[in-house]
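Structure at a glance
Below are the chains, spelled out letter by letter.
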Amino acid sequence: VSQSRYPGGISNAAGSDGTSSSVFSHTSVGGGGGGGTTSAPARNGRTGGSGGGGGGQNGTAGSGTTAQGNAGGAGSTVSRWGGGGGGGRGSVGVAGNGDAGPAGDGFVNYFITTPNTIAGGGGASSDGGGTSIGKAGGGNGGLSAGGSGGNATANTGSGGGGSHSGGNGGNGGTGIVYIRYLTAGNPYTVTASGGTSATVGDYTVWTFTSTGSITFA
């Protein structure tokens, strides 16, 4: 099991992609960086588990990965130049249309005792129009020139907020991995390190928020 944080964008340039996480033979692709405010290709959203939103002034949207996330929204093509919202696990980011496009929704996590919503898109930059609010713990977008994006909530895998020109992109939330199996009748001896376990209904759920290991023998 390996985990990493999902970096947000930096001022003017496209944001960095999140580093992928892996469990057994499955790879969870890191989120795509959001577009910046310089010329293409830096203003284009990047492809990832969920795609980054395009920067204002015609930035294209980043694509998501099938069965993992959704595409971001394209940046505005008209004045006010709001960015496109970052894609989330639950829905696509919306394109900017002068104002900022809303971020994509996360999804409800029922693996834990008290369900929460994670893996949402980061908010887009804006001059004050539209919504720049991140979803499911995603960081809010920067407002007006020099505005920096907000950091996402830790252990959500949600996106950082996009920056306005001259600001800094917010950091993405650190990722999280859940491994669930039926408690009764499990034929394996389970050995794990670096995580925590809990019983949720008929299942044992291991939660990893940093690098760890689990073995079924």
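See the structure printed just above.
**Side note on the environment of Ser22**
Residue position: Ser22 is located in strand 1 (residues 21-23). A sequence separation of 46 residues divides Ser22 from Gln68, and the C-alpha atoms of the two residues are 13 Å apart.

**Points about the environment of Lys135**
With respect to the secondary-structure elements, Lys135 resides in the loop between strand 4 (116-118) and strand 5 (177-182). In this structure Lys135 comes out as partly exposed when scored by relative accessible area, which is 28%. Sequence spacing of Lys135 and Gly170 is 35 residues, and the spatial spacing of their C-alpha atoms is 14 Å. Residues contacting Lys135, with those up to four places away along its chain left out, are Ala103, Gly104, Asp105, Gly120, Gly121 and Ser158.

**Notes on the pattern of salt bridges**
This structure, assessed with the given rule, holds two salt bridges. When the shortest N-O distance is used, the salt bridge between Asp99 and Arg80 registers 2.8 Å. With Asp99 in the loop between strand 2 (26-28) and strand 3 (107-109) and Arg80 in the loop between strand 2 and strand 3, the pair connects residues that are 19 residues apart, well separated along the chain. Given the relative accessible area of 37%, Arg80 is considered partly exposed. For the salt bridge of Lys135 with Asp105, the shortest nitrogen-to-oxygen distance reads 2.9 Å. Remark: Asp105 occurs in the loop between strand 2 and strand 3 and Lys135 occurs in the loop between strand 4 and strand 5; sequence separation between them is 30 residues. On the basis of relative accessibility, which here comes to 36%, the residue Asp105 falls in the partly exposed class.

**Looking at the nonpolar core**
Val23, Val177, Ile179, Tyr181, Trp206, Phe208 and Ile214 form the largest nonpolar core, which has seven residues in total. Elements with a minimum of two residues in this core: strand 5 and strand 8 (203-208). For this core, the element with the highest residue contribution is strand 5, accounting for three residues. One finds Ile118, Ala119, Tyr178 and Val200 within the second-largest nonpolar core, a separate group that totals five residues.

**Notes on the packing of aromatic side chains**
Throughout the structure, instances matching the rule amount to four aromatic pairs. Each ring, one from Tyr181 and one from Phe216, has its centre 5.4 Å from the other, and the planes form 85 degrees; the classification is edge-to-face. Here Tyr181 is found in strand 5, whereas its partner Phe216 is found in strand 9 (residues 213-216), with 35 residues between them in sequence. Within the aromatic cluster, the residues linked to one another by ring pairs are Tyr181, Tyr188 and Phe216.

Cut-offs applied
- Residues numbered from 1 in each chain as written.
- Predicted model: local features only at pLDDT ≥ 70, side-chain atom pairs only at ≥ 80, totals over all residues.
- Heavy atoms only, no water.
- Helix = DSSP H or I, 4+ residues; strand = E, 2+ residues; numbered from the N terminus.
- Buried < 20%, exposed > 50% of the residue type's maximum accessible area, 1.4 Å probe, protein only.
- Contact = heavy atoms within 4.5 Å.
- Salt bridge = Lys/Arg side-chain N within 4 Å of Asp/Glu carboxyl O.
- Core = buried A, V, L, I, M, F, W, Y, C linked by side-chain atoms within 4.5 Å.
- Phe/Tyr/Trp six-rings, centres within 6.5 Å; stacked < 30°, edge-to-face > 60°.

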